[in-house]
Amino acid sequence: MSIGRRTFLQSALTVAATAGLSDRTSNAATPSSNAQQQMETGRQRVPRDRIDPWIEVDDRLLKANVKAIRQLTNNRSIVGVIKNNAYGLGLVATAKYLETLPEIVALAVVKVQSAIELREAGIKKPIHLMALFPKSAAKELAHHDIQPCLYSANALELVEPMYELLRRPVDVQVYVDTGMSRMGVPYRKALPWIEALAKSGTVSLQGAFMGFTEDAEFDREQLQRLQILAKEASQRGYNLGKLHAASSSAVFELPEAHLDFVRPGIAIFGGYPNDPVTQQKRARLQTAFSLKAQVVRVEQLQTGDSVSYGRNYIAEKPTWVATIPTGHTDGYPRKGVEGGRILIGSETYPVIGAVSASHTIVEVGAEKKVNVGDVATLMGSEHPEIDPNWLSSTTGVSVYDLFMHLNSSLPRYSA
Ligand SMILES: Cc1ncc(COP(=O)(O)O)c(C=O)c1O
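As the structure is a prediction and not an experimental result, all values here were calculated from the model.

1. Some remarks on the pairing of strand β8 (residues 203-209)
Here's step 1: β8 sits mainly inside the fold: five of its seven residues count as buried.
Here's step 2: The sheet contact formed by strand β6 (residues 170-177) and β8 spans six bridges and is parallel. If you follow V174 over to β8, its bridge partner there is A208.
Here's step 3: Relative to strand β9 (residues 242-244), β8 runs parallel, the two being bridged by three bridges. Each bridged residue has a counterpart across the sheet, and for G207 the counterpart in β9 is K242.
Here's step 4: Handedness of the crossover joining β8 and β9 through helix α10 (residues 216-235): right-handed.

Structure (structure tokens):
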């Protein structure tokens, strides 16, 4: 989604100023709240002398985003989707923090390995696995009390080992395909399939869920398909349990889809799922991570000097440039060169030349306002111009990619 850069920036600045956030620094937490947070999540503070890129996560912003989602959904309970390394913020530490929030009733992932990793790390709240699992993993999932979703023709065969281990009906979620054609039992086939599950006595239906195509008109039809299925099942004496459908987009756009639970991902982390200009007027989300590194080189270019691969930038007059040792393999998008800016001190500077695998260069201008060792923030919520929602709108890179492409090998520290 491409939006006017100026429009987003103006409204972001207004909202930030209203919320008193425009001068927030990454070290604003009080020592005691930080100590508490480190205890809960295991995240450490960034070492003072770190040069290589790192990611800081601000749990206070996660909490504020969860509150914003609650306000939008008339206090619905939240199944927090933390797929893909918790949208880049770090799976285990993020889960540890989110499970302390009473609004979060369960966490959801899409990989068997992630579900098990969460339990092994001590996560206690219900974990939904929104994915197909191999029969060989069934007992381990049961052992870890992970709630699988079922949708396939061999669903009963898959839960059999779980039933054997637990010696009671297995808590499951049913994934219904109402029009996405990606995952789930097709809604047309769902009723007899659910009937067979229920009659088997090996499962206990805890919930049924679906995903939206995020096509405004069709979403309503999809929702109806789920609701009709739930009604027909109930007429036959089968209760599907809690219904949930709304990911972040429907949290904002489709109140009738809020059902028993909502199931957002990106909004928890501060990303607007669709148009940030309109959505931020309804709820203020804040990007809960920052991508940072130290400046490693500052030099003055002479007129005619060029910058980076392809000589994409030629200095028209003497100008200072600064190099940040962070590139597209770390998660800063190649397209950052098309309008991206980076925060150093209290000012943002334009990205020039090319974003290479491990380096990004900014134009500092006629005066040397930046020094080697300064901390550069490439993305985050400390300034509207480095907010991934804004970077997305100016470069055309999906905000989902900006979150989820953060390199998983970078350390995650507490803000
Ligand atoms: C089944 C399901 N539900 C919910 C979500 C959360 O989506 P979003 O990040 O748009 O809120 C996802 C993410 O792709 C998903 O696959």
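2. Focus on the environment of A257
Here's step 1: Turning to its location among the elements, A257 is positioned in the loop between α11 (248-253) and β10 (261-262).
Here's step 2: Owing to a relative accessible area of 0%, A257 belongs among the buried residues under this scheme.
Here's step 3: Along the primary structure A257 and S247 are separated by ten residues, whereas in three dimensions their C-alpha atoms are 9.4 Å apart.
Here's step 4: Apart from residues no more than four positions distant in its own chain, A257 is found in contact with F212, L223, A245, A246 and A250.

3. Overview of the sheet that holds strand β17 (residues 347-352)
Here's step 1: The sheet built from nine strands is open, its strands ordered β12-β15-β18-β17-β16-β19-β11-β1-β20 with mixed pairing. Of all strands in the sheet, those bounded by a partner on one side alone are β12 (297-301) and β20 (412-414). Averaged over all adjacent pairs, the angle separating strand axes in this sheet is 35°, with direction ignored.
Here's step 2: One ladder, built from two bridges, connects β17 with strand β18 (residues 360-365); its direction is antiparallel. Across the sheet, residue I352 finds its bridge partner in β18, namely I361.

4. Considerations on the site of the ligand
Here's step 1: With respect to spatial proximity, 13 residues lie near the ligand, and among them K83, Y87, S248, G265 and Y400 are the closest.
Here's step 2: One nitrogen or oxygen atom from the side chain of R263 is found 3.0 Å from a nitrogen atom belonging to the ligand.
Here's step 3: When the ligand is considered free in solution it has 390 Å² of accessible area, and contact with the protein chains removes 90% of it.
Here's step 4: Grouping the constituent residues of the shell around the ligand by class yields seven nonpolar, three polar and three charged.

5. A few points about the domain arrangement of the protein
Here's step 1: Domain annotation of the protein identifies domain 1 (1-58 + 288-415) and domain 2 (59-274).
Here's step 2: Listed by partner, the interface residues are 21 residues for domain 1 and 22 residues for domain 2.
Here's step 3: With both sides pooled, the region where domain 1 packs onto domain 2 buries about 2100 Å², and carbon together with sulfur makes up 56% of that total.
Here's step 4: Taken together, domain 1 and domain 2 are joined by two salt bridges.
Here's step 5: Across the pair R43 and D59 runs a salt bridge whose closest N-O atoms are separated by 3.0 Å.
Here's step 6: Scanning the region where domain 1 abuts domain 2 turns up nine residue pairs in polar contact (both at pLDDT 80 or more).
Here's step 7: Considering each element in turn, the side of domain 1 that touches domain 2 owes the most residues, four residues, to helix α15 (residues 399-404).

6. Notes on the packing of helix α9 (residues 187-200) against α10
Here's step 1: At a minimum axis distance of 10 Å, the contact between α9 and α10 shows a crossing angle of 20°. Compared by their axis directions, α9 and α10 come out roughly parallel. When the axes of α9 and α10 are compared, the crossing they make is right-handed. Between α9, through Y187, A190, L191 and I194, and α10, the contact on the second element is made entirely by R225, L229, E232 and A233.
Here's step 2: The residue inventory of the contact of α9 with α10, partitioned by class, reads six nonpolar, no polar and two charged.

7. Concerning α10
Since the α-helix turns once every 3.6 residues, residues separated by three or four places project in the same direction.
Here's step 1: Compared with the 28 Å implied by 1.5 Å per residue over 20 residues, the 29 Å span of α10 between its first and last C-alpha is a close match.
Here's step 2: Taken together, the buried positions of α10 are occupied by D219, Q222, L223, R225, L226, L229, A230 and A233. The buried side chains of α10 occupy one side of the element, clustering within an arc of 150° when seen end-on. More than 90 degrees from the buried face of α10, the exposed residues found are E217, K231 and Q235.
Here's step 3: Following α10 by one or two positions, G237 has its phi on the positive side, about 95°.

8. Some words on the pattern of salt bridges
Two side chains carrying opposite charge are able to pair once their charged atoms lie near each other.
Here's step 1: Scanning all chains against the criterion turns up 15 salt bridges.
Here's step 2: Between K67 and E103 there is a salt bridge, with the nearest N and O atoms lying 2.6 Å from each other. Separated by 36 residues along the polypeptide, K67 in helix α3 (residues 59-72) and E103 in the loop between α5 (91-98) and β3 (104-109) bring together distant segments of the chain.
Here's step 3: Relative accessible area serves as the criterion here: at 40%, K67 is assigned to the partly exposed category.
Here's step 4: In this structure, R341 and E385 form a salt bridge, with 3.2 Å as the shortest nitrogen-oxygen distance. Residue R341 is located in strand β16 (residues 341-344), and its partner E385 is located in the loop between β19 (375-379) and α14 (388-395); the two are separated by 44 residues in the primary sequence.

9. What about the side chain of E103?
Here's step 1: Residue classification places E103 among the buried residues on the basis of a relative accessible area of 9%.
Here's step 2: A polar contact of 2.6 Å, which involves the side chain of E103, links it to the side chain of K67.
Here's step 3: Not counting residues up to four positions away in its chain, the partners in contact with E103 are V66, K67, R70, S77 and I78.

10. What about the environment of I324?
Here's step 1: Here I324 lies in strand β15 (residues 319-324).
Here's step 2: In this structure I324 comes out as buried when scored by relative accessible area, which is 0%.
Here's step 3: Taking the C-alpha atoms as reference, I324 lies 5.7 Å from H359; in sequence the two are 35 residues apart.
Here's step 4: Filtering out sequence-adjacent residues up to four positions away, I324 remains in contact with A293, V295, I342, I344, S358, H359, T360, V362, A376 and L378.

Scoring rules and cut-offs
- Residues numbered from 1 in each chain as written.
- Predicted model: local features only at pLDDT ≥ 70, side-chain atom pairs only at ≥ 80, totals over all residues.
- Heavy atoms only, no water.
- Buried < 20%, exposed > 50% of the residue type's maximum accessible area, 1.4 Å probe, protein only.
- Helix = DSSP H or I, 4+ residues; strand = E, 2+ residues; numbered from the N terminus.
- Pairing = 2+ DSSP bridges.
- Right-handed = clockwise from strand over helix to strand, strands pointing away.
- Contact = heavy atoms within 4.5 Å.
- Axes fitted to C-alpha atoms, helices over the stretch in contact; angles between N-to-C directions.
- Near = heavy atom within 4 Å.
- Polar contact = N/O pair within 3.5 Å; in protein donor to acceptor, adjacent residues only side chain to side chain.
- Areas by Shrake-Rupley, 256 points an atom, 1.4 Å probe, with all protein chains shown as cover.
- Nonpolar A, V, L, I, M, F, W, Y, C, P; charged D, E, K, R; others polar.
- Domains from an automatic or database assignment.
- Buried area = accessible area lost by both parts, 1.4 Å probe.
- Salt bridge = Lys/Arg side-chain N within 4 Å of Asp/Glu carboxyl O.
- Parallel < 35°, antiparallel > 145°, perpendicular 65-115°, else oblique.
- Left-handed = near helix turned anticlockwise from the far one by under 90°.
- Expected span 1.5 Å × (residues − 1).
- Arc of directions from axis to C-beta.

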